[in-house]
Amino acid sequence: MEYFENRERAESFGEVAADYDAYRPKYPAALISTVMQAAEAGAGSGSGAPRILDVGSGTGLLASQLKDAGAEILAVEPDSEMAAIARAKGLKVDVSVFEEWDPQGRTFDLVCFGQSFHWVDPIIALPKIRSALKAGGSLALAWNDIEPKGELKTRLDAITARFHAEGSAASLGTAGAEDNFAHVEHPALTQLRSAGFTPNEATFTDDLRFSRHDWLSMVFTYSAQLTMDPVKRAVMREEMSKVIPNNGLEARNDALLVLAHA
């Protein structure tokens, strides 16, 4: 089953919208700068703030960073609880699944997806993206990919494997997690090429530190955990808590950015 076909997981985030906004980390500053450069190139000189459509915006984590960097943002988000938090940040949000969203003739210098492209049907989404882009515009797909450093990763991975034996990982990003992409080409690249886009990928690294509480709170905002049996989920959290030191943990974010031109 493709991720976008698993509606239970796709629609599971609203119940933890506040935690999602509080504990999911921001995207690396260099990734934001690269997306803004692409948006500004699409807008052209003298055109004012670049217009960006942020799809699957969630609570507006990516959108708010781009807004703070000078972009004019329209967000599309299917969950009303997530959208409410994004609106509280001053973002304009259309509540809709992207496949059914009506652009109403609006076009954009850049369309972006932050941690969300795997939740849309590419056969429907990619032609819609192309029609929403101005000539010279770009598509940006971003995923944070966060892993603990050192031997703690092995211990936490072993706990994850016991609770997700069916192959549904504990989902912290793209590499060997939410979409099981470790050691293989990201499937979005093939999808983009098939739709006539020219994609390029880059990785942006941040070193992060989490308290035990903040790490666990982040892990349990991912759909693999949100859709678990509640008792199993509580036991998994307790087992993870026991192996994380009192002073927290260090982690590495190898954030992936795919920039594509039509």
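This text goes with the structure placed above it.
Quantities reported herein were computed from a predicted structural model and do not represent experimental measurements.

Engineer: Summarise the pairing of strand E3 (residues 92–95); cite the residues concerned and give the values.
Structural biologist: Pairing geometry for strand E2 (residues 72–77) and E3, over four bridges, is parallel. Bridged to Leu-74 within E3 is Lys-92. In this fold, E2 hands off to helix H5 (residues 80–88), which returns the chain to E3; that crossover is right-handed.

Engineer: Now, about the packing of helix H3 (residues 29–43) against helix H4 (residues 61–68): what can you tell me, with residues and values included?
Structural biologist: Angle between the axes and distance between the axes: these two values describe a pair of packed helices. Closest axis-to-axis distance for the H3/H4 pair is 10 Å, and the angle between their directions is 65 degrees. On the basis of their axis angle, the class for H3 and H4 is roughly perpendicular. Crossing of H3 against H4: the hand is right-handed. Contact residues: H3 offers Ile-32, Val-35 and Met-36, while H4 offers Leu-62, Gln-65 and Leu-66.

Engineer: Now, about the packing of aromatic side chains: what can you tell me, with residues and values included?
Structural biologist: Under the counting rule described, the total for this entry stands at seven aromatic pairs. Consider the rings of Phe-98 and Trp-101, whose centres lie 5.9 Å apart with planes at 20 degrees: the pair is stacked. Of the two residues, Phe-98 and Trp-101, neither departs from the other in class, the shared state being buried. For the pair Phe-113 and Phe-117, a centre-to-centre distance of 5.2 Å together with 90 degrees between the ring planes defines the contact as edge-to-face.

Engineer: Can you tell me about the pattern of salt bridges, naming the residues and giving the values?
Structural biologist: Inspection of the entire model under this criterion finds eleven salt bridges. Arg-51 is the partner of Glu-72 in a salt bridge, and the nearest nitrogen-oxygen pair spans 2.9 Å. Taken together, the residues Glu-72 in strand E2 and Arg-51 in strand E1 (residues 51–55) connect sequence positions 21 residues apart. The exposure class of Glu-72 is partly exposed, given its relative accessible area of 41%.

Engineer: An account of the environment of Trp-119 is needed here, citing residue identities and associated values.
Structural biologist: Turning to its location among the elements, Trp-119 is positioned in the loop between strand E4 (108–114) and helix H6 (122–132). Sequence separation of Trp-119 and Lys-26 is 93 residues, and the distance between their C-alpha atoms is 20 Å.

Engineer: Help me get a handle on the side chain of Glu-77, residues and values and all.
Structural biologist: Its location among the elements puts Glu-77 in strand E2. Of the side chains with opposite charge, Arg-7 lies nearest to the buried Glu-77, which makes no salt bridge, at 8.9 Å. For Glu-77, the side chain forms a polar contact with the main-chain nitrogen of Gly-58, separated by 2.6 Å.

Engineer: Pulling in residues and values, what's your account of helix H11 (residues 230–243)?
Structural biologist: Between the first and last C-alpha of H11 there are 21 Å, a value that for 14 residues agrees with the 20 Å anticipated at 1.5 Å per step. Residues of H11 that are buried include every one of Met-236, Met-240, Ser-241 and Val-243, and no others. The arc that holds the buried residues of H11, viewed along the axis, is 165 degrees, so those residues lie on one side. Counted as exposed and oriented over 90 degrees from the buried face of H11: Pro-230, Val-231 and Lys-242. Buried positions along H11 lie against helix H7 (151–163), helix H9 (212–219) and helix H10 (223–226).

Engineer: Outline helix H8 (residues 187–194), listing residues and values.
Structural biologist: By the burial criterion, the buried members of H8 are Ala-188, Leu-189 and Leu-192. Summarising the axial view, the buried residues of H8 lie within an arc of 105 degrees, below the 170-degree limit, and thus occupy one face. Contact partners of the buried residues in H8: H6, strand E5 (133–143), strand E7 (198–210) and strand E8 (249–261). Where H8 ends, the next residue or the one after it, Gly-196, has phi of about 90 degrees, a positive value.

Engineer: Residues and numbers for unusual backbone geometry, please.
Structural biologist: A positive phi angle is found at Gln-104, which is not glycine, with a value near 55 degrees. Backbone geometry places Gln-115, a non-glycine residue, at a positive phi of 60 degrees.

Criteria and cut-off values
- Residues numbered from 1 in each chain as written.
- Predicted model: local features only at pLDDT ≥ 70, side-chain atom pairs only at ≥ 80, totals over all residues.
- Heavy atoms only, no water.
- Pairing = 2+ DSSP bridges.
- Helix = DSSP H or I, 4+ residues; strand = E, 2+ residues; numbered from the N terminus.
- Right-handed = clockwise from strand over helix to strand, strands pointing away.
- Axes fitted to C-alpha atoms, helices over the stretch in contact; angles between N-to-C directions.
- Parallel < 35°, antiparallel > 145°, perpendicular 65-115°, else oblique.
- Left-handed = near helix turned anticlockwise from the far one by under 90°.
- Contact = heavy atoms within 4.5 Å.
- Phe/Tyr/Trp six-rings, centres within 6.5 Å; stacked < 30°, edge-to-face > 60°.
- Buried < 20%, exposed > 50% of the residue type's maximum accessible area, 1.4 Å probe, protein only.
- Salt bridge = Lys/Arg side-chain N within 4 Å of Asp/Glu carboxyl O.
- Lys, Arg positive; Asp, Glu negative; His and termini not counted.
- Polar contact = N/O pair within 3.5 Å; in protein donor to acceptor, adjacent residues only side chain to side chain.
- Expected span 1.5 Å × (residues − 1).
- Arc of directions from axis to C-beta.

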